[in-house]
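The lines below spell out each chain.
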Amino acid sequence: MDKIQNSLSLCTENDQRTWLAAACRAALAAGSLIRERYEQPHTITMKGAIDLVTETDVASEVAIAASLTEDTPGIPIMAEETAASHATVAERLWIVDPLDGTTNFAHGFPFFAVSIALLDRGKPVVGVVYAPLSDELFFAVSGCGARLNDRNISVTGTSRLIEALVGTGFPYQVEATLPTVMRQIQTVLSRVRDIRRAGAAALDLAHVACGRLDGFYEMNLQPWDTAAGWLLVQEAGGKVSTFSGAPFSPFAPDILASNGILHPQLLPLIR
């Protein structure tokens, strides 16, 4: 409850308070469930050759949907594991990843998060990313900044690529994307201090927002992977675009997020 109360000081309007409180409450509840199940045996179902889902993904999504529906009735939800929700079109829409980093979770690799965002006419209004093992709640409200638990966060001031730590991710469509992925790694790795590939895009974006990474790029992500992190980076003073440099949308095929200073230097390396 303290985290929710702390988050509300970020808001200036009643609607913002309602939406942010709802997102935080849902994320914390799901995170508690995920934390309890982390070291238990998992039931794994394959959605693709290497794309898996566990019973905890589904349980987390059910808990989030119930919480959001109770707190914000009338706002539809697009959630990763509910295929019927993927065609949802609405002026205002919750976008939910109940467990970003499922492969990490299933293997006991401690890097995963819950991601919840509210879009209003395609623009992010509220973004929450909760890492349950570290108990870190990242949250942002459009126009009001971004926070990690009880402190304000901001992107780095790194201006030289050779001093930058950059995150990335690998698409599930390995064969189709491997040439591009390898070309980007070869180009970027030779210009930056190092690259990290941790396996949870929402949390990677949160780490750009709080200054742990100077940039992050990945292709073939889904709206629930990026919607909340998009707002976190923007409100922390960074920049988010597509690989072409066009304005970002969570429905875009690729994402580059950075501290803003490095953006024009990173774009030509990943195009």
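Residues numbered from 1 in each chain as written. Predicted model: local features only at pLDDT ≥ 70, side-chain atom pairs only at ≥ 80, totals over all residues. Heavy atoms only, no water.

**Description of the packing of aromatic side chains**
In the structure shown here, the tally under the stated rule is 5 aromatic pairs. Relative to F112, the ring of Y38 has its centre 5.4 Å away and its plane inclined at 50 degrees; by these criteria the two rings are tilted. Of this pair, Y38 sits in the loop between α2 (14-37) and β1 (44-46) while F112 is found in the loop between α4 (102-107) and β5 (113-120), placing the two residues 74 residues apart along the sequence. Given a relative accessible area of 15%, Y38 falls into the buried group. What makes F112 buried here is its relative accessible area of 3%. Following the ring pairs from residue to residue traces out a cluster consisting of Y38, F105 and F112. (Phe/Tyr/Trp six-rings, centres within 6.5 Å; stacked < 30°, edge-to-face > 60°. Helix = DSSP H or I, 4+ residues; strand = E, 2+ residues; numbered from the N terminus. Buried < 20%, exposed > 50% of the residue type's maximum accessible area, 1.4 Å probe, protein only.)

**Points about the side chain of S85**
In this structure, S85 sits in the loop between β3 (77-79) and β4 (92-100). The buried category is assigned to S85, whose relative accessible area is 8%. From its side chain, S85 meets the backbone oxygen of T82 in a polar contact 2.7 Å long. With residues up to four places along the chain from it excluded, the contact list for S85 reads I77, M78 and A79. (Polar contact = N/O pair within 3.5 Å; in protein donor to acceptor, adjacent residues only side chain to side chain. Contact = heavy atoms within 4.5 Å.)

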